[in-house]
Amino acid sequence: MPTPSHLSSKDPRYFDFRAARRVPETHAWPGLHDHPVVDGGHSAGEDAVPVVDMRDPGAAEAVARAAEQWGAFLLQGHGVPHELLARVEARIAGMFALPATEKMRAVRRPGDSCGYGSPPISSFFAKSMWSEGYTFSPANLRSDLRRLWPKQGHDYRLFCEVMEEFHGEMRALSDRLMELFLAALGLTGEQAAAVEAEHRIAETMTATMHLNWYPKCPDPKRALGLIAHTDSGFFTFVLQSLVPGLQLFRHGPDRWVTVPAEARDAFVVNVGDLFQILTNGRFHSVYHRAVVNRDSDRISLGYFLGPPADTKVAPLREAGGKPAYRAVTWPEYMAVRKKAFTTGASALKMVSASTSDDDLSDLISS
Ligand SMILES: C=C1C[C@]23C[C@@]1(O)CC[C@H]2[C@@]12CCC[C@@](C)(C(=O)O1)[C@H]2[C@@H]3C(=O)O
Ligand SMILES: O=C(O)CCC(=O)C(=O)O
Ligand SMILES: [Fe+2]
C-alpha cells in the first residue's frame, strides 16, 4: 500500500518500540553523556529542585527564588484532586496502549501543532527520539479527539470527560499561578490587577496539552526520550508518572539534575521563553530533557500556557529595567526559534532589544 506523503521515515509508524531488542542507529544520540547527572531530591543540597507550596504564606518569595535561579520548581498544595490526576493518568496510558494503526489516524500533519507522533521539535533533528506524543487543544477537545476515536465510543467519551474536567481545574490553577508570578515580581495586588486590566494576560492565555509516552528501552544510555529544549510559551505544568526521567540543566558546574518523581501529585512548573520576555529576563526559561530507562515505561503530560496567536508579548514595564527584548507574537517567536535551530543560534538572543526592527522582520519572514 502506498505510504501517505505526510509520513516521514522517522514516523513512529515505522518503529515498534515494544518489539525493539536494541537501539538502532536512527535512535542513537551522540553527546548524551557530556555532562554529569545528579539527583534533585529534597536532600540534594543546592541540587534539590525547589518546591513551592501554594498554601504557604511565603509562596510568592519561593516562586521568585525558583524562577530567578532555576526557571522551574515543583508545585504542591495546588488543590487539583489526586483522584482526578489518577484518572487522567489512567486514560492517557489507555490511549498510548491503542494499536499503532489507531493512533496513527491522528498523525500530526506537516505544519500542524496538534496530532499524534513525534513533537514538532523533532523535525529539527536527524535522529529519532524514544517516545511517542500526542498534542491537542483542550478548547477543541471533542473534535481533535475524533481523529483518534472516529466512532466516538466509550473510550472517546471517557477520555474527553476526564480531560475536560482536568482542563477546567488547570485553567483555573493557571490564573492563580499567574497571580503568584506577578506577586513574585514584587507587584502588589492592586498593581497586578492594573497589569491584568491593561494587558489581559491571564484572561486571554490559551492552553495546549501534549502527552508523552516513553517506552522502556533496551539500551537507555544510547537513546533519548525528548531532546533538550526550553518551552516556548509562558509556563508549563508537567505531570509525570512515578518514574523519573525529566532533567533540568544547571550551570556552574554544568550538569543535569533529575527531577524527583516520588512527590505525589506535584506538578513541575517550567518557565518558558515568552515569560522570560514578559518578565524582562527576571525569570528565565529552563533548558530540560527527558531520558528513558530499561525497566519501565514513563508517561508525562505537559499543559502549556501562552498568549493568543495574535498578541504581541513585550517586557512588562512593571518588571523594571530597560526593555531587553522586542515585542513578538508566539508564532513569530516560533519562526525565529526555527531559524535558531537551523543555525545553532539562541532564539532569545535573536529577539533581544539590540536586534533592529528590520532584522527581526527578516528573521520572521525568511
Ligand atoms: C504549545 C506548544 C508548545 C510546544 C509546541 C506546541 O504548539 C505543542 C507542543 C509543545 C511541545 C511539547 C514537546 C517539546 C516542544 C518543544 C515541542 O516540540 O512540542 C514543545 C513546544 C514548545 O514549548 O515550544
Ligand atoms: O517528559 C517530561 O517530563 C518532560 C516533557 C516536556 O518537557 C515537554 O512535553 O515539553
Ligand atoms: Fe518541555
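Here, the structure is the one placed above.
Because the structure is predicted, anything quoted here is derived from the model rather than measured.

Visitor: Hey, could you run me through the site of ligand 1 in this one?
Guide: Contacts to ligand 1 come from 14 residues, most closely from Pro120, Ile121, Asp231, Ser232 and Arg337. A distance of 3.5 Å is found between an oxygen atom of ligand 1 and a backbone nitrogen or oxygen belonging to Pro120. A distance of 2.8 Å separates an oxygen atom of ligand 1 from a polar atom in the backbone of Ile121. Relative to its unbound accessible surface of 460 Å², ligand 1 loses 95% to contact with the protein. Secondary structure elements with two or more residues in the shell around ligand 1: β6 (206–214) and α9 (330–343). No other element matches α9, which puts 3 residues into the shell around ligand 1.

Visitor: Looking at this model, I keep getting lost on the packing of aromatic side chains. Mind explaining?
Guide: On inspection of all chains with the given rule, the structure shows 27 aromatic pairs. Measuring from centroid to centroid gives 5.8 Å for Phe125 and Phe341, while their planes differ by 75 degrees, and the two rings are edge-to-face. Residue Phe125 is found in the loop between β4 (115–117) and β5 (132–136), and its partner Phe341 is found in helix α9; the two are separated by 216 residues along the sequence. Given a relative accessible area of 22%, Phe125 falls into the partly exposed group. Measuring from centroid to centroid gives 5.6 Å for Phe237 and Phe267, while their planes differ by 65 degrees, and the two rings are edge-to-face. Here Phe237 is found in strand β8 (residues 235–240), whereas its partner Phe267 is found in strand β11 (residues 267–271), with 30 residues between them in sequence. For Phe237, a relative accessible area of 0% translates into the label buried. Take Phe267: its relative accessible area is 0%, and that puts it in the buried class.

Visitor: Explanation requested: unusual backbone geometry in the structure shown.
Guide: Most peptide bonds take the trans configuration, and most residues that are not glycine carry a negative phi. Cis rather than trans, the peptide bond between Gly252 and Pro253 has omega equal to -10 degrees. Within the element layout of this structure, Pro253 appears in the loop between β9 (246–250) and β10 (255–258). Of note, the phi angle at Arg200 is positive, near 50 degrees, even though the residue is not glycine. Following the sequence through the fold, Arg200 ends up in the loop between α6 (189–199) and α7 (201–204).

Visitor: Would you mind showing me how to read the sheet that holds strand β2 (residues 51–53) here?
Guide: Within a beta sheet, neighbouring strands are joined by backbone hydrogen bonds and run either parallel or antiparallel to one another. Taken in spatial order, the 8 strands line up as β2-β3-β11-β8-β13-β6-β5-β4 in an open sheet, and their pairing is mixed. Edge positions in the open sheet fall to β2 and β4, since each of these has one partner strand only. Looking at each pair of strands side by side, their axes are set apart by 20 degrees on average, direction ignored. Examined bridge by bridge, β8 and strand β13 (residues 298–306) share 6 bridges and lie antiparallel to one another.

Visitor: Is there a simple way to explain the coordination of the iron ion (ligand 3) in this structure?
Guide: At 2.1 to 2.2 Å from the iron ion (ligand 3) lie its protein donor atoms, namely His229 (NE2), Asp231 (OD) and His288 (NE2). Between consecutive donors of the iron ion (ligand 3), the numbers of intervening residues give the motif H-x1-D-x56-H. Of this pair, His229 sits in strand β7 (residues 226–229) while His288 sits in strand β12 (residues 288–290), placing them 59 residues apart in sequence. Like His288, His229 is buried.

Visitor: Honestly, the side chain of Ser137 in this entry has me stumped. Any pointers?
Guide: Secondary-structure assignment places Ser137 in the loop between β5 and α4 (141–146). Residues in contact with Ser137, not counting those within four places in the same chain, are Cys114 and Asp144.

Visitor: For this particular structure, what's the right way to read the sheet that holds β9?
Guide: One open sheet accounts for 5 strands, arranged β1-β10-β9-β12-β7; its pairing is mixed. Every interior strand has two partners, whereas the edge strands, β1 (37–39) and β7, have only one. Strand after strand, the sheet turns through a mean of 25 degrees between neighbouring axes, direction not considered. Direction of pairing for β7 relative to β12: antiparallel, over a ladder of 2 bridges. Its bridge partner lying in β12, Leu226 is registered against Ala290.

Rules used in this analysis
- Residues numbered from 1 in each chain as written.
- Chains lettered and ligands numbered in written order.
- Predicted model: local features only at pLDDT ≥ 70, side-chain atom pairs only at ≥ 80, totals over all residues.
- Heavy atoms only, no water.
- Near = heavy atom within 4 Å.
- Polar contact = N/O pair within 3.5 Å; in protein donor to acceptor, adjacent residues only side chain to side chain.
- Areas by Shrake-Rupley, 256 points an atom, 1.4 Å probe, with all protein chains shown as cover.
- Helix = DSSP H or I, 4+ residues; strand = E, 2+ residues; numbered from the N terminus.
- Phe/Tyr/Trp six-rings, centres within 6.5 Å; stacked < 30°, edge-to-face > 60°.
- Buried < 20%, exposed > 50% of the residue type's maximum accessible area, 1.4 Å probe, protein only.
- Pairing = 2+ DSSP bridges.
- Axes fitted to C-alpha atoms, helices over the stretch in contact; angles between N-to-C directions.
- Donors = N, O, S within 2.8 Å, 3.2 Å for Na, K, Ca; no water.
- Contact = heavy atoms within 4.5 Å.

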